[in-house]
Amino acid sequence: MSRRCAISGKGPMSGNNVSHAKNRTKRRFLPNIRTVRVTLEDGTTTKLKVSAKELRTLKKHS
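Residues numbered from 1 in each chain as written. Predicted model: local features only at pLDDT ≥ 70, side-chain atom pairs only at ≥ 80, totals over all residues. Heavy atoms only, no water.

A. Quick peek at the overall build of the protein chain. Regarding its fold elements, the protein chain presents one helix and four strands. Element order for the protein chain, N to C, with α for helix and β for strand: β-β-β-β-α. For the protein chain, whose C-alpha radius of gyration is 16 Å, the value lies well above the compact-globule estimate of 11 Å for 62 residues. Expressed along its principal axes, the backbone C-alpha trace of the protein chain runs to roughly 55 × 25 × 15 Å. Sorting the 62 residues of the protein chain into buried and exposed places 15% on the buried side. Taken as a whole, the protein chain presents about 5,400 Å² of accessible surface, with 50% of it coming from carbon and sulfur. (Helix = DSSP H or I, 4+ residues; strand = E, 2+ residues; numbered from the N terminus. Rg over C-alpha atoms; globule rule 2.2 N^0.38 Å. Buried < 20%, exposed > 50% of the residue type's maximum accessible area, 1.4 Å probe, protein only. Areas by Shrake-Rupley, 256 points an atom, 1.4 Å probe, with all protein chains shown as cover.)

B. Local environment of the environment of proline 12. In this structure, proline 12 sits in the segment before strand S1 (13–18). Owing to a relative accessible area of 33%, proline 12 belongs among the partly exposed residues under this scheme. When the C-alpha positions of proline 12 and proline 31 are compared, they lie 6.0 Å apart, and in sequence the two are 19 residues distant. Once residues within four sequence positions are removed from consideration, proline 12 is found in contact with Arg3, Arg4, Arg28, Phe29, Leu30 and Pro31. (Contact = heavy atoms within 4.5 Å.)

C. Quick peek at the pairing of strand S2 (residues 24–29). The buried fraction of S2 amounts to zero of the six residues, a small share that puts the element mostly on the outside. Looking at chain direction, S1 and S2 are connected through six bridges and run antiparallel. Among the inter-strand pairings, valine 18 is bridged to a residue of S2, identified as arginine 24. Hairpin connection, S1 to S2: the antiparallel pair is bridged by five residues, and lysine 22 has positive phi, about 65°. (Pairing = 2+ DSSP bridges.)

D. Fine view of the side chain of serine 51. Examined against the element boundaries, serine 51 turns out to sit in strand S4 (residues 45–51). Other than its neighbours up to four places away in sequence, serine 51 contacts Cys5, Ser8, Asn32 and Ile33.

Spelled out as structure tokens, the structure:
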């Protein structure tokens, strides 16, 4: 399962876990992906994987 937004293309980022002793280990920041049903212009519905931020934007502009 790819963790990528179908609209914005937002995907995982990498960074570090930093402990109190400043030990650094690699980690991943995963996007908040939701599977939503979207109705297209021709009346059909499809499922898209959309980030929560883009879902908010879609609701704002509809």
